[in-house]
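What follows is each chain in one-letter form.
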Amino acid sequence: GKAVEILSSGAVAGNAEKHLPSLAQKGTSLVQLRGLAASQPQQRAADFLLAQGRRLDSRVLSALAVRVSDDPFSKVKKMIKDLIV
């Protein structure tokens, strides 16, 4: 949002080569790649647990499905965003 707008403005454009390592300038980070690879099986497991929780009327399985579908890096992402902003 706002960060992208600021970083793409003329005031800071062109300074990335000077201040950022070349790996950080790539379009997709390793964390993003890992997240994409892990998200599909994780979501399939969450869907299965949710379906079984409903079928068996089990609140424990339904709660577990919610926990499995949660992003394990959400706290880390929030901390990083708070540091940037």
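What you are looking at is a predicted structure, and each value in this text was computed from that prediction instead of being measured.

1. What about the overall build of the protein?
Broken down by element type, the protein carries five helices and zero strands. If you list the helices and strands of the protein from N to C, you get α-α-α-α-α. Put simply, the protein shows about 7,500 Å² of open surface, and 63% of that area lies on carbon and sulfur atoms.

2. Details of a nonpolar patch on the surface
A contiguous nonpolar surface patch, about 660 Å² in accessible area, is contributed by Phe73, Val76, Ile80, Leu83, Ile84 and Val85. On the basis of relative accessibility, which here comes to 44%, the residue isoleucine 80 falls in the partly exposed class.

3. Overview of the environment of aspartate 70
Here aspartate 70 shows up in the loop between α4 (59-69) and α5 (74-84). In this structure aspartate 70 comes out as partly exposed when scored by relative accessible area, which is 41%.

4. Brief notes about the environment of alanine 45
Relative to the helices and strands, alanine 45 is located in helix α3 (residues 30-56). Judged by its relative accessible area of 34%, alanine 45 falls in the partly exposed class.

5. What about unusual backbone geometry?
With a phi close to 55°, aspartate 57 is a non-glycine residue in the positive phi region. Assignment of secondary structure puts aspartate 57 in the loop between α3 and α4. When its relative accessible area of 70% is taken as the criterion, aspartate 57 is described as exposed.

6. As for the confidence of the model for the protein
Predicted confidence across the protein gives a mean pLDDT of 74, with 64% of residues reaching 70 or more. The least confident element of the protein is helix α2 (residues 16-19), whose mean pLDDT is 60; the most confident is α4, at 88.

The rules we used
- Residues numbered from 1 in each chain as written.
- Predicted model: local features only at pLDDT ≥ 70, side-chain atom pairs only at ≥ 80, totals over all residues.
- Heavy atoms only, no water.
- Helix = DSSP H or I, 4+ residues; strand = E, 2+ residues; numbered from the N terminus.
- Areas by Shrake-Rupley, 256 points an atom, 1.4 Å probe, with all protein chains shown as cover.
- Patch = residues over 30% accessible without salt bridge, like charges linked within 9 Å, V, L, I, M, F, W, Y side chains within 5 Å.
- Salt bridge = Lys/Arg side-chain N within 4 Å of Asp/Glu carboxyl O.
- Buried < 20%, exposed > 50% of the residue type's maximum accessible area, 1.4 Å probe, protein only.
- pLDDT = per-residue confidence, 0-100.

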